[in-house]
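Spelled out from the first residue to the last, the chains are:
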Amino acid sequence: MIQKLLASAVIAGGAAGLLAAVLHFAFVQDLILLGEEYESGALVHFMADASTHDHPEQGSMAPDHSDASEAEDGHSHDDGDAASPLVRNGLTVVFSVLIYVAYALILVAGYGLAKAFDKRITAREGVLWGIAGFAAFQLFPAMGLAPELPGTIAADLGARQVWWWGTVVASIAAIGLLAYGSNPLAVLASAALLAAPHVIGAPTLGEYAGTAPPELGAAFSARVLGVGLVVWAALGWISGALWAKDSEEL
């Protein structure tokens, strides 16, 4: 049983990861590459002084490429050290698949928990679970920490990671209570959990700065979230269909 469920998660996550990579190449990568042009100083927003592109004194406030699709980067802006497009694109596909396989495993674990409470999961319910996963892992955290374009200056990475994970956990618990709670207290607890991370507030610098135009950053954030919604819904649909099939066979 466990072997079949793991196989289903790998298949669903692999398919969703490939879809994520395709959508990334179609809608997101051009914005990242353009952002890197501003980050490196090859392009200058509003003809700002070149010194604004150097932040040696800011330490942990240096630009951080926190979006999962950029995990393959590891690049230098020196032409001689830059990874080839083939290597970069290949790593993008690999990391997209690995990330969504991990998400699929979380969904499948959730399906197993739902089954323990006599809840039946099909492809249709899987889509709803996928959208809930998108809300918990991307949408709600993005209300405090939007996807970051290269060249964005942000608060300390460790503090942001703690807040992000806290928001994800609180959001998952809130969505679960809202979906399966059976009394008004569950609804109130759900609302409190959703609000808590944002009442606390995400780590910020208290000021705005960066090398790329804000319009570019806004477009990047919107596209990352749009792609995330589509891929999470597809992940939920595929994993839900496979779960329903495996459940009938077991």
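Cut-offs and rules
Residues numbered from 1 in each chain as written. Predicted model: local features only at pLDDT ≥ 70, side-chain atom pairs only at ≥ 80, totals over all residues. Heavy atoms only, no water. Helix = DSSP H or I, 4+ residues; strand = E, 2+ residues; numbered from the N terminus. Contact = heavy atoms within 4.5 Å. Core = buried A, V, L, I, M, F, W, Y, C linked by side-chain atoms within 4.5 Å. Buried < 20%, exposed > 50% of the residue type's maximum accessible area, 1.4 Å probe, protein only. 1 Å grid on protein atoms, 1.4 Å probe; cavity = no way out; pocket = protein on both sides within 12 Å on 5 of 7 lines; lining within 4 Å. Points joined across faces, edges and corners; volume = space filled by probe spheres on them. Nonpolar A, V, L, I, M, F, W, Y, C, P; charged D, E, K, R; others polar. Phe/Tyr/Trp six-rings, centres within 6.5 Å; stacked < 30°, edge-to-face > 60°. Expected span 1.5 Å × (residues − 1). Bend = angle between axes of the 7 residues up to and from the residue. Axes fitted to C-alpha atoms, helices over the stretch in contact; angles between N-to-C directions. Parallel < 35°, antiparallel > 145°, perpendicular 65-115°, else oblique. Left-handed = near helix turned anticlockwise from the far one by under 90°. Salt bridge = Lys/Arg side-chain N within 4 Å of Asp/Glu carboxyl O.

## Some points on the overall build of the protein
(1) Moving on: Secondary structure summary: the protein contains six helices and zero strands in total.
(2) Moving on: Reading the secondary structure of the protein in the N-to-C direction produces α-α-α-α-α-α.
(3) Moving on: Partitioning the contacts of the protein with sequence separation of at least 6, the portion at a separation of at least 24 is 83%.

## Some words on the nonpolar core
(1) Moving on: Counting 35 residues, the largest nonpolar core has Tyr100, Phe220, Val231, Trp232 and Leu235 as the members making the most contacts within it.
(2) Moving on: Mapped by element, the contributors of at least two residues to this core are α1 (2-40), α2 (85-116), α3 (123-142) and α6 (214-249).

## Quick look at the layout of surface pockets
(1) Moving on: The space that makes up the second largest pocket amounts to roughly 760 Å³.
(2) Moving on: Around the second largest pocket sit 29 residues that line it, and Glu148, Thr152, Ile153, Tyr208 and Ala209 are the ones nearest its centre.
(3) Moving on: With four residues, α6 is the single largest residue contributor to the lining of the second largest pocket.
(4) Moving on: Here the residues of the lining of the second largest pocket sort into 17 nonpolar, nine polar and three charged.

## What to know about the packing of aromatic side chains
(1) Moving on: All told, the structure shown has 10 aromatic pairs when counted by the stated rule.
(2) Moving on: Arranged with centres 5.6 Å apart and planes meeting at 20°, the rings of Phe137 and Trp232 form a pair that is stacked. Here Phe137, found in helix α3, pairs with Trp232, found in helix α6; they are 95 residues apart in sequence, far enough to count as distant.
(3) Moving on: What makes Phe137 buried here is its relative accessible area of 8%.

## Topic: α1
(1) Moving on: Here α1 is 39 residues long, yet its end C-alpha atoms lie only 48 Å apart, well below the 57 Å a rise of 1.5 Å per residue gives.
(2) Moving on: A maximum bend of about 55° is found in α1 at Val28.
(3) Moving on: Of the residues flanking the end of α1, it is Gly41, one or two places downstream, whose phi is positive at about 95°.

## Regarding α2
At 3.6 residues per turn, the α-helix brings residues three or four places apart onto the same side.
(1) Moving on: With 32 residues, α2 extends 47 Å from end C-alpha to end C-alpha; this agrees with the ideal 46 Å at 1.5 Å per step.
(2) Moving on: Where α2 is concerned, the buried positions are Arg88, Thr92, Ser96, Tyr100, Val101, Tyr103, Ala104, Leu107, Val108, Gly110, Tyr111 and Ala114.

## Some remarks on the packing of α1 against α2
(1) Moving on: Interaxial distance between α1 and α2 falls to 6 Å at its minimum, and their mutual angle equals 135°. As summarised for this structure, α1 and α2 are arranged oblique, according to the angle between their axes. In terms of crossing hand, the pair formed by α1 and α2 is right-handed.
(2) Moving on: Among the residues forming the contact of α1 with α2, the class breakdown is 18 nonpolar, eight polar and two charged.

## Quick look at the environment of Ala209
(1) Moving on: Along the chain, Ala209 turns up in the loop between α5 (184-200) and α6.
(2) Moving on: On the accessibility criterion, Ala209 (48% relative accessible area) is partly exposed.
(3) Moving on: Here the alpha-carbon distance between Ala209 and Gly151, two residues 58 residues apart in the chain, equals 9.3 Å.

## Notes on the pattern of salt bridges
(1) Moving on: Using the criterion set out here, one finds two salt bridges in the structure.
(2) Moving on: Put simply, Arg88 and Glu36 hold a salt bridge, and the shortest N to O gap is 3.1 Å. With Arg88 in helix α2 and Glu36 in helix α1, this pair connects stretches of sequence that are 52 residues apart. Take Arg88 and Glu36: they sit in the same class, and that class is buried.
(3) Moving on: Two residues, Glu148 and Arg160, come together in a salt bridge whose shortest N-O distance is 2.8 Å. Here Glu148, found in the loop between α3 and α4 (157-180), pairs with Arg160, found in helix α4; they are 12 residues apart in sequence, far enough to count as distant. The exposure classification of Glu148 matches that of Arg160, with both residues buried.

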